[in-house]
Amino acid sequence: MNESFAREEICRIGKSLFDRGYVHATAGNISIQLEDALLITPSDACLGFLDPARLAKIGRDGQQQSGDRASKTVVLHQAIYQSAKQFSPNTQCVIHTHSTNCVSLSMQLDTPELLQAITPYFVMKVGHVPLIAYDYPGSPAIAKQVAQTITNYGQANKVIRAVMLQRLGPNVWHDSPSAAMATLEELEETAKLVCFSNTPIPALTDEQINQLRNNFSASW
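We now turn to the structure provided with this report. Values in this document were obtained by computation on a predicted structure and should not be read as measured data.

**Describing the packing of helix H1 (residues 3-19) against helix H6 (residues 177-196)**
Following both chains from N to C, one finds H1 and H6 inclined at 20°, their axes separated by 10 Å at the closest point. Considering the angle they form, H1 stands roughly parallel to H6. The crossing of H1 and H6 is right-handed. Of the residues in H6, those in contact with Glu 9, Arg 12, Ile 13, Ser 16 and Leu 17 of H1 are Pro 177, Ser 178, Met 181 and Leu 184.

**Points about the pairing of strand S7 (residues 162-165)**
Of the two faces of S7, both are covered, the one formed by Ala 162 and Met 164 as well as the one formed by Val 163 and Leu 165. The parallel pair strand S6 (residues 131-132) and S7 is bridged by helix H5 (residues 140-155), and the resulting crossover is right-handed. Note that S7 and strand S8 (residues 169-174) share 4 bridges and pair antiparallel. The residue of S8 that forms the bridge with Leu 165 is Gly 169. With antiparallel pairing between neighbouring strands as the criterion, S7 and S8 make up a hairpin whose turn holds 3 residues, including Arg 167 at a positive phi of roughly 70°.

**As for the side chain of His 96**
Note on placement: His 96 falls in strand S5 (residues 93-96). In terms of polar contacts, His 96 uses its side chain to reach the backbone carbonyl oxygen of Pro 170, at 3.0 Å. The residues touching His 96, leaving out its near neighbours within four places in the chain, are Gly 28, Asn 29, Leu 165, Leu 168, Gly 169, Pro 170 and Asn 171.

Rules behind the numbers
Residues numbered from 1 in each chain as written. Predicted model: local features only at pLDDT ≥ 70, side-chain atom pairs only at ≥ 80, totals over all residues. Heavy atoms only, no water. Axes fitted to C-alpha atoms, helices over the stretch in contact; angles between N-to-C directions. Helix = DSSP H or I, 4+ residues; strand = E, 2+ residues; numbered from the N terminus. Parallel < 35°, antiparallel > 145°, perpendicular 65-115°, else oblique. Left-handed = near helix turned anticlockwise from the far one by under 90°. Contact = heavy atoms within 4.5 Å. Buried < 20%, exposed > 50% of the residue type's maximum accessible area, 1.4 Å probe, protein only. Right-handed = clockwise from strand over helix to strand, strands pointing away. Pairing = 2+ DSSP bridges. Polar contact = N/O pair within 3.5 Å; in protein donor to acceptor, adjacent residues only side chain to side chain.

In C-alpha cells form, the structure reads like this:
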C-alpha cells in the first residue's frame, strides 16, 4: 500500500467508524504500517474529521517525521506490529476504539478473556480476546504486556487479532484497514449481545467450535 492511499484509507475508516457510533469525540486511533514508516492518527484528533496531510508519520527509528503530534498510543501500536507479524506477517493496520459495549463489559469482568465463543462469526472473524488489566492510556507497561500476550497466544497456536484494554477499549489488527474495521465491528456487536442479555449466554460446544475450525479454518 502506498503512502497516499494509506492516508486516505485511515481517514475513510475513521469517518466510517465515527459516523456509525463506534468511536466518539477524540477517542480512538488508527495506524497503518508502511514499508519504511508508520502512519498514525494525531493525538486528540476526532476520527470523523481527519485530514490526510496531518496524519503523523513515524520513521523506523521511532522519530516523528511529519504531521501533527502522534497519538500517545504509538508505542502500543508499534509493539502490536512487532509481535503480531511473528504469526501474521501481513499485519498492516491497527485500530483502537473506546467502543461502548466492549468497555462496559470489561468493567464487569475479572476473567482472562473478554468473551466466550458465543456466536460462530465471533469465533471465525475475531477469535480469542485477552483482557488486559487496567493501566493509564499510553502506559509503556501496557505495550509490553500486550506484546507478550500476542506472543504467548501465538506460541500456543492461537493467533489473536484483538486484545481488550480494561476500562479503555479494544485494539484490533489485520491485513488491511477494511479487515481490521470488520474485526472491530464483529467484536463490538458480540459484546452488545452480552450486555443486552438478561441471562448468561452459553458458549458454543467443543463440537460446534471444531466444525468452525474444520469448515472455515477458525483459529479458536
